[in-house]
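Single-letter residue listing:
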Amino acid sequence: MKAETVDVLIVGAGISGIAAGYYLGRRCPSLNWTIVEGRAAIGGTWDFFRYPGVRSDSDMYTLGYRFRPWTGEKAIADGPAILQYIKDTAREYGIDRKIRFNHRVSRVAWSSDRAEWSVSIKRGAGDEYVEMRCRFLFMCSGYYRYDEGYLPAWKGLSRFSGEIVHPQKWRDNVELSGKRVIVIGSGATAVTIVPALAQKAKHVTMLQRSPSYIASIPAKDPTAVRLRVRLPFSLASWLMRWLQIMRQMYFYHLARSKPQKARDMILDGVRAALGPDYDVGQHFSPRYNPWDERLCVAPDNDLFNAIKTGAVSMATDRIERFVEEGVQLRSGEVLPADIIVTATGMRMRIMDGVDIIVDGEPVNLGDALSYKGIMFSNIPNLASSFGYTNASWTLKCELICEYVCRLLNYMERRGFKRCVPRLDTDSQTTEPMINFTSGYVQRAQAELPKQGTRRPWKVYQNYLKDLLMMRYGRLNDDVMEFR
């Protein structure tokens, strides 16, 4: 049977894929496009994660779409509300009718002779494979593995007599009432799940090898509340979006240029929330500088309030081994537990681990350089949506969508069939594409693309720079090769 051909194939129906569908539909009306989604539902991350308390750690004025401003009261929204927002957006703009569910891409192969991608797709739960072809491939599949999270190789794990669950595989039948719970981890997932579990469990211990920075912010932004009362909704939303963008940029710049000042600001907030007698130095003072890893947030002091009431306690130490009754720490102390939640991180996997072939040759993304944070060296007609690490994911994804539409329209007007960021020399100095010390990033470095030290191979974590480059910068530069 002849393979179906589309102009653009979008892979993934999460927050990025829905944005891609909107922009292609509005800005490239002459092109036909389809979204394929490996799972059975819209939403990606926000449909997949179901653990208690799941929420965003970015404000919804910037995590929400520019073309459809967030209308909810809370700036820090819970997972179900975000999922509903994505679904409503897809339905409102007819994007949901362009999605093919249970279509998981496994292999993509580029042919220069045909100037198109052949895409191998596993359809449904069985072993049925179908092929689609496209002129341009737009990968919007996120950055981590859905099938498994990260679990360290602890000693004696099988000796524990209670229940062990990873947030990525949370089960609805986990019974918390009257139970002692240990949550292992100090990242965003742990900071989110601990106060939620404390509402039902007998007691929750947050066990961390080392602390993370945790900033308290209001779940409802008071500025947004005032603006929405006094101004038309569209104007208030526009102002709030830009206010949040500038806030994020200011604090990130402060953290990089004056790390001690940023550190003091965060820790002063923790001391104010927990009181003068709490050992903030041991449990909330990281060894690294702010934004060497992603900053965690505690909306309305939820974690700190749970600690003050005694529902949550902190333990900062390394795990020696698991024992029948719980976890033995390196200090010798045993933390008893009925349930252990391993909030120990994710496994990164760019473009969902899809095999990439270019003219018969396999491509290792770990050897490629990122071009403008959108495309990759020597890989034709392929873009990837990868958001900011120091701000809301959607901010950059929308800019990438705008750029891809500009690029496709430019090629259409001039009759070009192929575009490829050409790296003709390996003399370019490289560095990691993501400069984070977080474990999930470090474990994946060999598989992640690199970045250069100068444009257009440099990846900027700066919205204003990216806006100027992606919205107004030259498409036909000295690197992009059109044919």
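Analysis parameters
- Residues numbered from 1 in each chain as written.
- Predicted model: local features only at pLDDT ≥ 70, side-chain atom pairs only at ≥ 80, totals over all residues.
- Heavy atoms only, no water.
- Helix = DSSP H or I, 4+ residues; strand = E, 2+ residues; numbered from the N terminus.
- Buried < 20%, exposed > 50% of the residue type's maximum accessible area, 1.4 Å probe, protein only.
- Salt bridge = Lys/Arg side-chain N within 4 Å of Asp/Glu carboxyl O.
- Core = buried A, V, L, I, M, F, W, Y, C linked by side-chain atoms within 4.5 Å.
- Contact = heavy atoms within 4.5 Å.
- Pairing = 2+ DSSP bridges.
- Axes fitted to C-alpha atoms, helices over the stretch in contact; angles between N-to-C directions.
- Right-handed = clockwise from strand over helix to strand, strands pointing away.
- Arc of directions from axis to C-beta.
- Polar contact = N/O pair within 3.5 Å; in protein donor to acceptor, adjacent residues only side chain to side chain.
- Patch = residues over 30% accessible without salt bridge, like charges linked within 9 Å, V, L, I, M, F, W, Y side chains within 5 Å.
- Areas by Shrake-Rupley, 256 points an atom, 1.4 Å probe, with all protein chains shown as cover.
- Lys, Arg positive; Asp, Glu negative; His and termini not counted.
- Charge placed at Lys NZ, Arg CZ, Asp CG, Glu CD.
- Parallel < 35°, antiparallel > 145°, perpendicular 65-115°, else oblique.
- Left-handed = near helix turned anticlockwise from the far one by under 90°.
- Nonpolar A, V, L, I, M, F, W, Y, C, P; charged D, E, K, R; others polar.

Enquirer: I'm lost on unusual backbone geometry in this one. Help?
Expert: Working note: non-glycine residues mostly have negative phi, and peptide bonds are mostly trans. The step from Arg455 to Pro456 runs through a cis peptide bond, and the omega angle for that step is -5°. Within the secondary structure, Pro456 sits in the loop between strand E24 (450–451) and helix H13 (463–472). Look at Asp352: it is not a glycine, yet its phi comes out positive at around 60°. One can find Asp352 in the loop between strand E16 (339–342) and strand E17 (355–358). Accessibility expressed as a relative area gives 17% for Asp352, which makes it buried. Of note in the backbone geometry, Asn378 takes a positive phi value of approximately 65° without being a glycine. Positionally, Asn378 belongs in the loop between strand E20 (375–376) and strand E21 (382–384).

Enquirer: Teacher, can you tell me more about the pattern of salt bridges here?
Expert: Once their charged atoms are close, side chains differing in charge can pair, the charge on each being opposite to the other. The full count for this structure, using the stated rule, is 29 salt bridges. Residue Arg135 is joined to Glu412 by a salt bridge in which the shortest nitrogen-to-oxygen separation is 3.3 Å. Of the two residues, Arg135 is situated in strand E6 (residues 128–139) and Glu412 in helix H11 (residues 393–414); the sequence distance between them amounts to 277 residues. In this structure Glu412 comes out as partly exposed when scored by relative accessible area, which is 38%. For Arg418, the salt bridge is made with Glu481, and the minimal N-O distance between the two is 3.5 Å. Of this pair, Arg418 sits in the loop between H11 and strand E22 (419–421) while Glu481 sits in strand E25 (residues 480–482); the two residues are 63 residues apart in sequence, bridging distant segments of the chain. Connected through shared salt-bridge partners, Arg27, Arg66, Glu402 and Arg471 make up one network.

Enquirer: How should the nonpolar core be read in this particular structure?
Expert: The nonpolar side chains of a soluble globular protein tend to be buried with one another. Core analysis: the biggest nonpolar cluster contains 142 residues, and Trp117, Leu137, Phe138, Val183, Phe284, Leu303 and Leu407 have the highest contact counts within it. If you tally residues by element for this core, the top one is H11, at 13 residues. Setting aside residues up to four positions removed in sequence, Leu407 forms contacts with Phe136, Met375, Cys419, Leu475, Met480 and Phe482.

Enquirer: Explain the sheet that holds strand E8 (residues 180–184) to me, please; I cannot follow it from the model alone.
Expert: Each strand in a sheet pairs with another by means of backbone hydrogen bonds, the pair being arranged parallel or else antiparallel. Read from one edge of the open sheet, five strands run E7-E16-E8-E9-E12, paired in parallel fashion. Strand pairing shows two members of the sheet lacking a second neighbour, strand E7 (163–165) and strand E12 (312–316), which therefore form its edges. Along the sheet, successive strands turn relative to each other by an average axial angle of 20°, direction set aside. Pairing of E8 with E16 involves four bridges; the strand directions are parallel. Across the sheet, the residue bridging to Ile184 is Thr342, located in E16.

Enquirer: What exactly am I supposed to notice about the pairing of strand E2 (residues 33–36) here?
Expert: Consecutive side chains along a regular strand alternate between the two faces of the sheet. Burial along E2 is two-sided: Trp33 and Ile35 facing one way and Thr34 and Val36 facing the other are all buried. Read as a crossover between parallel neighbours, the route from strand E1 (residues 4–11) over helix H1 (residues 15–27) to E2 is right-handed. Pairing analysis gives two bridges linking E2 to strand E3 (residues 99–100), with the strands arranged parallel. Within E3, the position partnered with Ile35 by the bridge is Ile99.

Enquirer: When you look at helix H6 (residues 222–230) in this model, what are you seeing that I'm missing?
Expert: In an α-helix, one full turn covers 3.6 residues, which means residues spaced three or four apart are oriented alike. Taken together, the buried positions of H6 are occupied by Thr223, Ala224 and Leu227. Along the axis of H6, the buried residues cluster in a sector spanning 95°; they form a single face. Of the surrounding elements, those touching the buried residues of H6 are helix H3 (60–63) and helix H7 (233–257). At the N-terminal boundary of H6, the capping side chain belongs to Asp221, with an oxygen 2.8 Å from the backbone nitrogen of Thr223.

Enquirer: Any chance you could explain a positive patch on the surface here in plain terms?
Expert: On the surface, a cluster of positive charge is made up of Arg209, Arg287, Arg318 and Arg443. Turning to its location among the elements, Arg287 is positioned in the loop between helix H9 (280–283) and strand E11 (296–299). For Arg287, a relative accessible area of 69% puts it in the exposed group.

Enquirer: Hey, could you run me through the environment of Ile15 in this one?
Expert: Here Ile15 lies in helix H1. According to the relative accessible area criterion, Ile15 is buried, its value standing at 11%. In this structure, the C-alpha to C-alpha distance between Ile15 and Ala90, residues 75 residues apart in sequence, is 9.7 Å.

Enquirer: Looking at this structure, how should I read the environment of Ala272?
Expert: Within the secondary structure, Ala272 is located in helix H8 (residues 259–274). Along the chain, Ala272 and Ala198 lie 74 residues apart, while their C-alpha atoms are 21 Å from each other.

Enquirer: Where do I start with the packing of H11 against H13 in this structure?
Expert: As a packed pair, H11 and H13 sit with axes 8 Å apart at the nearest point and diverge in direction by 15°. Regarding the angle of H11 to H13, the classification is roughly parallel. The two elements H11 and H13 cross, and the hand of that crossing is left-handed. The residues of H13 that touch H11, namely those facing Leu395, Lys396, Leu399, Ile400, Glu402, Tyr403 and Arg406, are Tyr463, Asp466, Leu467, Met469, Met470, Arg471 and Tyr472. Taken together, the residues of the contact of H11 with H13 sort by class into nine nonpolar, no polar and five charged.

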